[in-house]
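Chain residues, written in single-letter form:
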Amino acid sequence: MPTVFSHPAPMLALAAIMGGRVSSRMLLFGVLCAVLPDADVIGFRFGISYADAFGHRGFSHSLAFALLMGCVGFGTAPLLLRGSRLMGFFIGFLAVSSHILLDAMTNGGLGVAALWPFATDRYFLDWRPIRVSPLNLHVFFGRKGLEVLISEWRWVWLPCLAAGATGWLLRRALS
């Protein structure tokens, strides 16, 4: 999995592209939805195995969960998120979907249960350039962690920065 530091990058790029059409609360919702799927690691403490449907990269890494978070955004947008229901759905769904995509691009783990509950198979993309982050903090704060962060800078942050900057420049040029 990419680290918790990199999962928000696509939402930040989207906010830069969309400019003032995304409220700060809506952006915060998107960032939270982008990192939320990895809360499933708490299952390890309760004996839930990695490969279980509710284990790491299981249910919370599915398009069904993305739809659920889109529905949360839809329901809370007018009052809490200061945006339209459509925007709330769009942000919630895309944030979780970006998490699924990034995890499917890593070079380790069991893959993502993107089609759960219709299929329990775990999937990766054919192209997997992102180094998987170690789950052990002692390992993360060593050479392996640095390799992961460099990989994420190259394959997540640089493309998101480029997309956000391009969108921002296009908006300025067209206004």
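Note that the coordinates shown come from a computational prediction; the quantities given were computed from them, not determined experimentally.

Reading the values: rules and limits
- Residues numbered from 1 in each chain as written.
- Predicted model: local features only at pLDDT ≥ 70, side-chain atom pairs only at ≥ 80, totals over all residues.
- Heavy atoms only, no water.
- Helix = DSSP H or I, 4+ residues; strand = E, 2+ residues; numbered from the N terminus.
- Buried < 20%, exposed > 50% of the residue type's maximum accessible area, 1.4 Å probe, protein only.
- Patch = residues over 30% accessible without salt bridge, like charges linked within 9 Å, V, L, I, M, F, W, Y side chains within 5 Å.
- Areas by Shrake-Rupley, 256 points an atom, 1.4 Å probe, with all protein chains shown as cover.
- Salt bridge = Lys/Arg side-chain N within 4 Å of Asp/Glu carboxyl O.
- Axes fitted to C-alpha atoms, helices over the stretch in contact; angles between N-to-C directions.
- Parallel < 35°, antiparallel > 145°, perpendicular 65-115°, else oblique.
- Left-handed = near helix turned anticlockwise from the far one by under 90°.
- Contact = heavy atoms within 4.5 Å.
- Expected span 1.5 Å × (residues − 1).

## Remarks on unusual backbone geometry
When glycine is set aside, most residues are seen to have a negative phi, and most peptide bonds are trans.
And step 1. Note that the residue after Trp 116, namely Pro 117, is joined by a cis bond; omega there is 10°.
And step 2. For Pro 117, the location among the structural elements is in the loop between α4 (85-104) and α5 (137-140).
And step 3. Unlike most non-glycine residues, Arg 57 shows phi in positive territory, near 65°.
And step 4. Assessed through its relative accessible area of 0%, Arg 57 is described here as buried.
And step 5. Backbone geometry places Arg 82, a non-glycine residue, at a positive phi of 55°.
And step 6. Following the sequence through the fold, Arg 82 ends up in the loop between α3 (63-81) and α4.

## Here's the deal with a nonpolar patch on the surface
And step 1. Side chains of Val 4, Phe 5 and Leu 149 sit close together on the surface and give an oily, nonpolar patch of about 280 Å² of accessible area.
And step 2. Inspection of the secondary structure assignment puts Leu 149 in helix α6 (residues 143-174).
And step 3. Given a relative accessible area of 35%, Leu 149 falls into the partly exposed group.

## So, the packing of helix α2 (residues 24-35) against α4
And step 1. It is the contact of α2 with α4, at a shortest axis distance of 7 Å, that shows an interaxial angle of 30°. In this view, α2 runs roughly parallel relative to α4, as classed from their interaxial angle. Regarding α2 and α4, the two cross each other, and that crossing is right-handed. On α4, the residues that touch Met 26, Phe 29, Gly 30, Cys 33, Ala 34 and Val 35 of α2 are Met 87, Gly 88, Ile 91, Gly 92, Ala 95, Val 96 and His 99.

## Re α2
And step 1. The end-to-end C-alpha distance of α2 is 17 Å, a good match for the 16 Å that 12 residues give at a rise of 1.5 Å each.
And step 2. Buried residues of α2: Met 26, Phe 29, Gly 30, Val 31, Cys 33 and Ala 34, and no others.

## Describing the pattern of salt bridges
And step 1. Going through the model one piece at a time under the given rule, you end up with three salt bridges.
And step 2. For Glu 147, the salt bridge goes to Arg 131, with nearest N and O atoms at 3.6 Å. Highlighted residues: Glu 147 in helix α6 and Arg 131 in the loop between α4 and α5, separated in sequence by 16 residues.
And step 3. For Glu 147, a relative accessible area of 24% gives the class partly exposed.
And step 4. Relative accessible area serves as the criterion here: at 39%, Arg 131 is assigned to the partly exposed category.
And step 5. Two residues, Glu 147 and Arg 143, come together in a salt bridge whose shortest N-O distance is 3.2 Å. On the criterion of helical spacing, the pair formed by Glu 147 and Arg 143 is a turn pair, its members being four residues apart in helix α6.

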